[in-house]
Amino acid sequence: MPFSTDHPPRPAYTRSDFEFDLPPELIAQYPLPERTASRLLHVIPSVENNAPMLADLTFKALPPLIAPNDLLVFNDTRVIKARMFGKKVGSGGRVELLIERLLGEDRALVQMRASHLPGAGAAIALASDARALVLSRQGRFFEVRFDGTGDLVTWLNEHGQMPLPPYIRRAAEDADDARYQTVYARVPGAVAAPTAGLHFDEALLAALDARGVQRATVTLHVGAGTFQPVQHEDLSRHVMHREVYEISAATVAAIEATRARGGRVVAIGTTSLRALESAADAAGALHVGHGETALFITPGYRFKVVDRLLTNFHLPGSTLLMLIAAFGGYETMRAAYAHAIRSQYRFFSYGDAMLLERSQKQGKR
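Numbers given to residues run from 1 along each chain, matching the order in which its sequence is written. At least 70 in pLDDT is required for a residue's local features to be given in this predicted model, at least 80 for side-chain atom pairs to be given and counted, and no such filter applies to totals for whole chains, interfaces and linings, which use all residues. Values shown for side chains rest on all heavy atoms present in the structure; no hydrogens or waters enter the calculation.

**Looking at the confidence of the model for the protein chain**
In this model, the protein chain carries a mean pLDDT of 93, and residues with pLDDT of at least 70 account for 96%. Each residue gets a pLDDT score, which is the predictor's confidence in that residue and runs from 0 to 100. We call two residues in contact whenever any of their non-hydrogen atoms come within 4.5 Å of each other. Note that residues 1-10 has pLDDT below 50 and, in this model, 21 contacts with residues that lie over four places away or in other chains.

**So, the pairing of strand 3 (residues 71-75)**
Both faces of the sheet carry side chains from a regular strand, because those side chains alternate between them. Within strand 3, five of the five residues are buried, which leaves it mostly tucked inside the rest of the structure. Burial of strand 3 is two-sided: the residues L71, V73 and N75 facing one way and the residues L72 and F74 facing the other way are all buried. Sheet topology places strand 3 next to strand 12 (residues 214-220); five bridges connect them, and they run parallel. In the sheet register, N75 faces strand 12, and the bridge partner there is V218. Burial classes follow relative accessibility: with a 1.4 Å probe on protein chains only, a residue under 20% of its type's maximum area counts as buried, one over 50% as exposed, and anything between as partly exposed. Strands are runs of DSSP state E lasting at least two residues, helices are runs of H or I lasting at least four, and both sets are numbered from the N terminus onward. Two strands are said to pair when DSSP picks up at least two bridges between them.

**Focus on the sheet that holds strand 15 (residues 289-293)**
On the basis of which strands lie adjacent, the open sheet formed by nine strands has the order 2-1-17-16-14-3-12-13-15 and mixed pairing. Unpaired on one side and paired on the other, strand 2 (53-58) and strand 15 mark the two borders of the sheet. In this sheet, neighbouring strand axes are inclined to one another by 25° on average, regardless of whether the strands run parallel or antiparallel. In terms of strand pairing, strand 16 (residues 308-312) meets strand 17 (residues 353-357) through five bridges, oriented antiparallel. Bridge assignment links N312 to a residue of strand 17, and that residue is A353. In this description, a line fitted to the C-alpha atoms serves as the axis of each element, helices being fitted only across the stretch in contact, and the angle between N-to-C directions of two axes falls anywhere from 0 to 180 degrees.

**Regarding unusual backbone geometry**
Positive phi is not limited to glycine here, since S128 has a value of about 60°. Relative to the elements of secondary structure, S128 occurs in the loop between strand 8 (123-125) and strand 9 (131-138). Non-glycine residue D129 carries a positive phi angle of around 65°. You can see D129 is positioned in the loop between strand 8 and strand 9.

**What to know about the packing of helix 5 (residues 270-278) against helix 6 (residues 319-328)**
Angle between the axes and distance between the axes are the two parameters that describe a pair of packed helices. Close contact between helix 5 and helix 6 brings their axes to 11 Å; oriented N to C, the two are set at 70°. One element, helix 5, and the other, helix 6, form an angle in the roughly perpendicular class. The chirality of how helix 5 crosses helix 6 is left-handed. Contacts between helix 5 and helix 6 involve T270, L273 and R274 on the former and, on the latter, L320, L323, I324 and F327. Each angle receives one of four descriptions, namely roughly parallel if under 35 degrees, roughly antiparallel if over 145, roughly perpendicular if within 65 to 115, and oblique otherwise. Here is the rule for handedness: rotate from the far helix to the near one, and if that takes an anticlockwise turn smaller than a right angle the crossing is left-handed, while a clockwise turn gives right-handed.

**Side note on the nonpolar core**
What we call a nonpolar core is a set of buried Ala, Val, Leu, Ile, Met, Phe, Trp, Tyr and Cys residues that are connected through their side-chain atoms within 4.5 Å. Counting 68 residues, the largest nonpolar core has Y180, I247, L273, L276, L286 and F347 as the members making the most contacts within it. When neighbours within four sequence positions are excluded, L286 is seen to be in contact with I247, V252, I255, L276, A279, A280 and V305. Core analysis: the second largest hydrophobic core is formed by 23 residues, V95, A108, M112 and V191 among them.

Right, here's the structure in full:
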């Protein structure tokens, strides 16, 4: 069913509460010619059950919405060319491999597609005389060792393909090498882009700098599991995918300084938000370091770090849509998405963006 604004309050939400009908033509298959040409929906959550305030803007209108005292936190992960094709040694059967996560210089967790999935010990011939040796199977993933590639990321840059999401119904093209990558991408390791950042170009970043807006970075390597829908109606049964993140001392200091001057922390994307919230303790103190996060944010979660969120429009029934409902309020999320569909916003990775204020029901930090 399409979203409506008359959905009754629920004491506990289920997966079905986050389903909606999306016209296929609203799923963006290509980026717009300019990064900043996308639209921006500014969403201010409802207060005392009033309707949320919704403003239709262009992304170039973002700088005036950010106060000089605010801090923008970007995810500086870099997407690797994680998709490759090979043939089973012996049978010659075709295999598609998609890296989920790098495990070291020559190992990775991968997803595979083949007429018959290979077992442990199987070898797959790849381009340029390289091979992938299957070490073990871990659920829907395979642990693989790569031989003959040298530096794996360098080899992937030459022989791999950009791993476009499954809802983009076309093969990756040369232009995607740049456009499915943020202009500030730095640390290789993601297999999906932190898509809120795709709207920024150097000119817009310079305009934010000119306003005195501060910037900081986190690193969270986005995995292909970000596209996996929740399978169970009971959200407590969902097992969240794990992603590696790192928070620097400079970023912790920037957030502490922002709080001290009364500014707001603006997460650029759900990945930045999850990294920050994962690194905070129960009192809201942020800690330097790296780790893995399987943080599953649903309505009722109390946010400890982030005050505002810039994000794209997400898949029905997804964990990211549940995060949006937790941040802005369930009814606000439904109203915003219903408006976006009526107004023909473009959805998903190459689509438009939303600037979402945190619900006042969350209270203060």
